[in-house]
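# Structural description and commentary
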Amino acid sequence: MRKKRWCSLLLALALALSLALPAAAAEPEALLPAVRTYAGQFTDLENTWCREEAITVYEAGLMEGKSAARFDIQGNLTYAQITVITARLSDLLTGGDGSLGTAADGEPWYQPAAEYLTEVLADADSDAALYLLDDLSYLDNFADQSCDRYDFVWYLAAVLPEEALAPINHITSLPDTTDGDILRFYQAGILTGSDDKGTFDGFSLLTRGQAAAMLARIVDPARRVAFSLTAPCYTREALGLEPDAVMLTVDGYAVSADLYLYFLATNIQDMKDQQAYGFYDTYPQYLQEYMADSAYTGSFEDFLLERYGIDVTVPVAWNTPDKGGMSPAQKVLQDTLDDLKELAALMNHQEEYPLTQEQKTELEEYLSTWGIPYGFSEAFYQEMLTAILLAENIVERYQLTSPELTELLAEEGYIYGQYVAIYRGERGGYESDEAAKAAAEAVRQKLIAHLDDPEYVEFLIWKYSGDYNIAPDLLPANVLSDASFQALKNLGVNQVSPVLAEEDFYMVVIKLDPASNEDLMASVRSVAAQARLAQWAQDAQVTTSAAYDALDVAAIAQTLEKLGF
């Protein structure tokens, strides 16, 4: 069954403009006082973009120079260094003097800072605090590595009080991240982005200048930057339509241009990925040759071009039919329609499994915390989040009895239980085939005698089975003969099968109740709910608009690529 992509969220993508504005006229009080005076010793700070910020954090006691005469704004900070800075900031903000003590003999220099943060955050439950605590537990493994921008912000977010991040900007989406802590730093005017689009660039290594700028804006709110970001409207740019324009209806449910473009863009990208990586499946005979050629050092892509003249880097020929008669554009349109028919079916039947008040609250909190996807409307995002929650509800309410679950698994070609496999021939280590069969029968009798002792059953399987798979699991039909699988289908739950004779082994199976496995039960309920949803979608009536009928997938794909989608 094809996995439905609409249950995963494509969140932040390309283009935005930013307009930097002066900070508010009434300057707020600095959070930290100066504890020393800068005397102009860092000669490399003159005429740099972050001169004043570097001086601020130096005077606040948060950062030192790289040497007595250089601050080194282009240098990177290590994880050990940001740990110390974070601990020092926390201590200063809570009335301390920033002195964390000296490491004992044999301890790393940053150990006092790590211990301080571990103690201070012991009862914290924010995502950032839990992330930092996890990092501290194995900091020794990467203490000297340069850190990235993401980690620095998360470390700071772990120790900053809520009032230190008071919002001054209305920023609801970013080009390259939907992280809530990052968004809060933008809203507080501490982060402004690495370009005029507001891009965070979180995986780039943090420079000392960038760290100084963030810290200066934290400790001195007067330095925070008020600005705005104007995100593009993807539906206008890619489809020439307003976000709420109706592309089609499914049993009366209106699919907006915003919603349609999301699924269309996802399927366009999937088709491009198939073109980019599908050659591994398309040329298996050449792949084997490539893998066997130890002297060739290039990629499989280069191998195909050099040896056979096959260029797999060509763009998708959107309107060229394949051997089956469908072009990539037609496949994308069909996949998008199938996806949207299922989503519409879900929304059309929501009265049967409506959102709870708790889910409604969760949805609103999520919207306020994470903002909306870059380039899309809030209405679209609310619709997508609602659909995700409804999908959870239909799965939860699709209950199966044990017999129904057992039957469904059998129809799909699976038996749930434990088994002992006694291999025949040399692999089994028995003198004859008769001896192997006799061993299987002996194990069977022991299993029957100890069915009420699960631990002993596992011991017997571990001791005698050639597979050592002692836990209950799904046994697929394709490893058994039709006769053996039929015998297992007819076997009652909590019963031991006769010795099943296969070509290479003898098998004894204990058939178990699949409903006893909560994870399996949840997975099967999901499959059953998906089947119900697919049936609703199959029976749905679709009415398309003129805009839908005029879609040009090739042109839209080109526009999306220019947008950086």
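About the cut-offs
Residues numbered from 1 in each chain as written. Predicted model: local features only at pLDDT ≥ 70, side-chain atom pairs only at ≥ 80, totals over all residues. Heavy atoms only, no water. Helix = DSSP H or I, 4+ residues; strand = E, 2+ residues; numbered from the N terminus. Rg over C-alpha atoms; globule rule 2.2 N^0.38 Å. Buried < 20%, exposed > 50% of the residue type's maximum accessible area, 1.4 Å probe, protein only. Contact = heavy atoms within 4.5 Å. Areas by Shrake-Rupley, 256 points an atom, 1.4 Å probe, with all protein chains shown as cover. Lys, Arg positive; Asp, Glu negative; His and termini not counted. Charge placed at Lys NZ, Arg CZ, Asp CG, Glu CD. Phe/Tyr/Trp six-rings, centres within 6.5 Å; stacked < 30°, edge-to-face > 60°. Lys NZ or Arg CZ within 6 Å of the ring centre and 35° of its normal. Expected span 1.5 Å × (residues − 1). pLDDT = per-residue confidence, 0-100. Pairing = 2+ DSSP bridges. Axes fitted to C-alpha atoms, helices over the stretch in contact; angles between N-to-C directions. Left-handed = near helix turned anticlockwise from the far one by under 90°. Nonpolar A, V, L, I, M, F, W, Y, C, P; charged D, E, K, R; others polar. Core = buried A, V, L, I, M, F, W, Y, C linked by side-chain atoms within 4.5 Å.

To continue, consider the overall build of the chain. Along the backbone of the chain there are 23 helices and ten strands. Against the globule reference of 24 Å for 565 residues, the chain gives a C-alpha radius of gyration of 31 Å, more extended than a compact globule. Dimensions along the principal axes, computed over C-alpha positions, put the chain at roughly 95 × 75 × 60 Å. Within the span of the chain, comprising 565 residues, buried residues form 46% of the whole. For the chain, restricting intrachain contacts to residue pairs at least 6 apart in sequence, the fraction spanning at least 24 positions comes to 71%. As displayed, the chain has an accessible area near 28,500 Å², and 50% of this comes from carbon and sulfur atoms. Distance between charge centres in the chain, computed from 35 positive and 88 negative side chains, equals 3 Å.

Before going further, it helps to examine the packing of aromatic side chains. Within this structure, the stated rule accounts for 34 aromatic pairs. Seen in terms of ring centroids, Tyr-38 and Tyr-58 are 6.1 Å apart; in terms of plane orientation they differ by 75 degrees. Their pairing is edge-to-face. Residue Tyr-38 is located in the loop between β1 (17-21) and α1 (51-59), and its partner Tyr-58 is located in helix α1; the two are separated by 20 residues in the primary sequence. With centroids separated by 6.3 Å and ring planes inclined at 55 degrees, the aromatic side chains of Tyr-186 and Phe-227 adopt a geometry described as tilted. Within this pair, whereas Tyr-186 is found in helix α6 (residues 180-187), its partner Phe-227 is found in strand β2 (residues 226-230), the two being separated by 41 residues in sequence. Tyr-186 gets classed as buried once you look at its relative accessible area, which sits at 0%. An aromatic cluster is present here, built from Phe-279, Tyr-280, Tyr-283, Tyr-286, Tyr-290, Tyr-296, Phe-300, Phe-303 and Tyr-308 joined pairwise through their rings. Arg-208 extends its terminal NZ or CZ atom over the ring of Phe-71, reaching a point 4.8 Å from the ring centre. Sitting above the plane of the Tyr-423 ring, Arg-427 keeps its charged end 3.7 Å from the centroid.

This part is about helix α18 (residues 433-449). Counted at 1.5 Å a residue, the expected span for α18 with its 17 residues is 24 Å, and the 25 Å between its end C-alpha atoms agrees. In this structure, the buried side of α18 is in contact with β5 (414-423), α19 (454-464), β7 (495-496) and β9 (505-511).

Let us look at the confidence of the model for the chain. Per-chain confidence: the chain averages 89 in pLDDT, with 95% of residues scoring 70 or above. Across residues 1-25, confidence stays below pLDDT 50; counting only partners more than four residues off in sequence or on other chains, it has 88 contacts.

Moving on, we get to the sheet that holds strand β10 (residues 542-544). Spatially, three strands are ordered β4-β3-β10 in an open sheet, and the strand pairing comes out antiparallel. Only two strands of the sheet have a single partner each, and these edge strands are β4 (253-256) and β10. Neighbour-to-neighbour, the strand axes of this sheet turn through a mean angle of 25 degrees, independent of strand direction. Where strand β3 (residues 246-250) lies against β10, three bridges are found, and the strand directions are antiparallel. Looking at β10, one finds that Thr-249 is bridged to Thr-543. Sheet strands in contact with helix α9 (residues 257-277) are β3 and β4, and its direction is about 65 degrees off that of β4. Sheet strands touched by helix α13 (residues 328-348): β3, β4 and β10. Its angle to β4, the strand with the most contacts, is close to 135 degrees.

The subject of this paragraph is the packing of helix α14 (residues 357-370) against helix α15 (residues 378-397). It is at 11 Å that the axes of α14 and α15 come closest, and there the two elements cross at 140 degrees. Helix-helix and strand crossings are classified by hand; for α14 and α15 the assignment is right-handed. Taking contact as the criterion, the partners of Gln-359, Glu-362, Leu-363, Glu-364, Tyr-366 and Leu-367 in α14 are, on α15, Glu-378, Tyr-381, Gln-382, Leu-385, Thr-386, Leu-389, Glu-392 and Asn-393. Taken together, the residues of the contact of α14 with α15 sort by class into six nonpolar, four polar and four charged.

A few words now on the nonpolar core. In this structure, Met-63, Leu-89, Phe-152, Ile-182, Phe-185 and Leu-215 are the most contacted members of the largest nonpolar core, which totals 69 residues. Ranked by residue count, the leading element in this core is helix α5 (residues 149-159), at nine residues. What Met-63 contacts, discounting residues up to four positions off in sequence, is Arg-36, Val-57, Tyr-58, Phe-71, Leu-77, Ile-85, Arg-88, Arg-208, Ala-211, Ala-212 and Leu-215. Among the nonpolar cores identified, the runner-up in size contains 59 residues, and Leu-239, Leu-259, Leu-261 and Met-347 belong to it.

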